[in-house]
Amino acid sequence: MKKKLVALALVAAMAISTVACGSSSSSSSSSDSSTTTTEESTDDAEEAEESTTTSSADAVKLNLSVPDSSSSSICVAAEEFAAQLNEKSEGRLEVTVYPDGSLYGGDATAAVTTMQSGGIDMLCLATSWYASFDDSFNMINVPYLFESVDEEQAYINDESSQAMWDAVEGMGVKFLAAWTRSFRMTTNNLRPITMPEDFEGMVLRTPSNQIYEVFFGEGCGANVTPMSFSEVYTALQTGTIDGQENPADVPYSSSFYEVQDYISATNHIGEAWVVGMNPDKFNSLDADLQELIVETAQEMQQWKKDYDEETDQADIDYMVEQGMEYNELTEEGFAAFKAVSESLYDEFKAIVNNDDLWDATIAFTESYTE
């Protein structure tokens, strides 16, 4: 009987030993498997990080310069353009936007030459500044040439405007696209602008452009004072000038409502933004990236127009909330300003210095229907 009990005890002990050994083996196997999985995950993460680093290092880095502040319409559009290029290229392009003309010292006339020499890769600049290099660009600056931004957009996409975009290429700049720009308004500290004579005696800052000088000076009686945009806020603040004119987003983003009393929707000029690129930089890119840049730049034209339509009134509303007085022209006032412009057409045509472009443009506006 004792032998049976001893035998049963031995069997039980062996069973316990076997279970314990099996458990230990299973635990060891699980631990080894966990260690292996952790090591593989670490290796994968390191490889992914290395791949990302390599991709970033290999990306073609491009700068994109704009003249206005980071909250301006053109800078917002430039940021969107850059984001689309970065995303669509899947990391092969790395485009960075530089606002406030920081890459060319704020002097817009220097912007084009800086791009020509390779100091700027891509540039968004208004057509009025390109007129410093080719008279043809004065065409789109003729006051009251267009009655709506839709008409302006149709014109810049029509063959009647092609001579201007060909001229960009003739300057040694790769033309990518033309984007619309909201019509220009007037801010000042003297009075609301309702008729041309309201400009009489006003010291008005404009771009350095003959069309502006003739229209506002000779046509409306203002004391036209061209100056660098970087100086305008201080000049308004100190009373060196009485007013300035720009699309609504410019006085909004530049806080001119702090130093101006009136904003008038004179809507006198609807110019365009030229999106250009250094040709050597463009030609150094792979063909598919060249195509991507051109296509995206052209697609951005509608994005920019839609954005302006959505935000211009909000900008005006904000400036009114800050204390500015806003007014729009009556039909009589608009007709009076247009009559002033048309009375100066002979001078404007001489400034444009391109009879074919002038005739094609006037023919376009006369035949255009919404």
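Residues numbered from 1 in each chain as written. Predicted model: local features only at pLDDT ≥ 70, side-chain atom pairs only at ≥ 80, totals over all residues. Heavy atoms only, no water.

(A) Just the overall build of the protein, in detail. From N to C terminus, the protein includes 14 helices and 11 strands. As displayed, the protein offers around 17100 Å² of accessible surface, 48% of which is attributable to carbon and sulfur atoms. (Helix = DSSP H or I, 4+ residues; strand = E, 2+ residues; numbered from the N terminus. Areas by Shrake-Rupley, 256 points an atom, 1.4 Å probe, with all protein chains shown as cover.)

(B) Focus on helix α2 (residues 73-88). The terminal C-alpha atoms of α2 lie 22 Å apart, and with 16 residues this matches the ideal 22 Å at 1.5 Å per residue to within 8%. Inspection of α2 places Ser73, Ile74, Cys75, Ala77, Ala78, Phe81, Ala82, Gln84 and Leu85 among the buried residues, and these make up the whole buried set. Count one or two residues on from α2 and you reach Glu90, which has phi positive near 55°. (Expected span 1.5 Å × (residues − 1). Buried < 20%, exposed > 50% of the residue type's maximum accessible area, 1.4 Å probe, protein only.)

(C) Examining unusual backbone geometry more closely. Within the chain, Asn267 stands out as a residue other than glycine whose phi angle is a positive 45°. Position of Asn267 among the secondary structure elements: in the loop between β9 (262-265) and β10 (272-277). The residue Asn353 is not glycine, and still its phi comes out positive at about 60°. By secondary structure assignment, the location of Asn353 is in the loop between α13 (345-352) and α14 (355-367).

(D) Fine view of the pattern of salt bridges. On inspection of all chains with the given rule, the structure shows 14 salt bridges. Ionic pairing is found between Arg181 and Glu271, a salt bridge with its closest N-O pair at 2.6 Å. Separated by 90 residues along the polypeptide, Arg181 in the loop between β4 (174-180) and β5 (185-188) and Glu271 in the loop between β9 and β10 bring together distant segments of the chain. Like Glu271, Arg181 is buried. Here Glu309 ties to Lys305 by a salt bridge, and the two come within 2.7 Å at their closest N and O atoms. With Glu309 and Lys305 both in helix α11 (residues 287-321) and four residues apart, this pair spans about one turn of that helix. A residue is classified by how much of its surface remains accessible, and Lys305, at 5% relative accessible area, is buried. A cluster of three or more residues bridged by salt bridges with shared partners is formed by Asp68, Arg181, Arg184, Glu245 and Glu271. (Salt bridge = Lys/Arg side-chain N within 4 Å of Asp/Glu carboxyl O.)

(E) Summary view of the sheet that holds β4. Judged by pairing direction, the sheet is mixed, and its five strands sit side by side in the order β2-β1-β3-β10-β4 without closing on themselves. Looking at strand neighbours, the two that pair on one side only are β2 (93-98) and β4, the edges of this open sheet. With strand direction ignored, the average angle separating the axes of adjacent strands in the sheet is 20°. Pairing analysis gives five bridges linking strand β3 (residues 122-126) to β10, with the strands arranged antiparallel. Bridge pairing in β10 places Ala126 opposite Trp273. In the packing of α2 onto the sheet, the strands contacted are β1 (60-65), β2, β3, β4 and β10, and the crossing angle to β2 comes to about 170°. On top of the sheet, α11 reaches β1, β2, β3, β4 and β10; it is set at about 15° to β4, its chief contact. (Pairing = 2+ DSSP bridges. Axes fitted to C-alpha atoms, helices over the stretch in contact; angles between N-to-C directions. Contact = heavy atoms within 4.5 Å.)

(F) Just the nonpolar core, in detail. Counting residues in each nonpolar core, the largest one holds 84 residues, and the members touching the most others are Met122, Tyr130, Phe137 and Trp179. Here Trp179 is in contact with Ile74, Ala77, Phe81, Cys124, Ile156, Ala272, Trp273, Val275, Ala297, Met300, Gln301 and Lys304, once residues within four sequence places are set aside. Grouped together as the second largest cluster of nonpolar side chains are eight residues, Met185, Tyr257, Ile316 and Met324 included. (Core = buried A, V, L, I, M, F, W, Y, C linked by side-chain atoms within 4.5 Å.)

(G) Focus on the sheet that holds β5. Reading across from one edge, β7-β6-β8-β5-β9-β11 is the order of the six strands in this open sheet, with mixed pairing throughout. Each of the sheet's edge strands pairs with one partner strand only, and the pair in question is β7 (223-224) and β11 (325-328). Relative to β11, β9 is paired through four bridges, and the arrangement is parallel. From the neighbouring strand, Tyr262 faces β11, where its bridge partner is Glu325.

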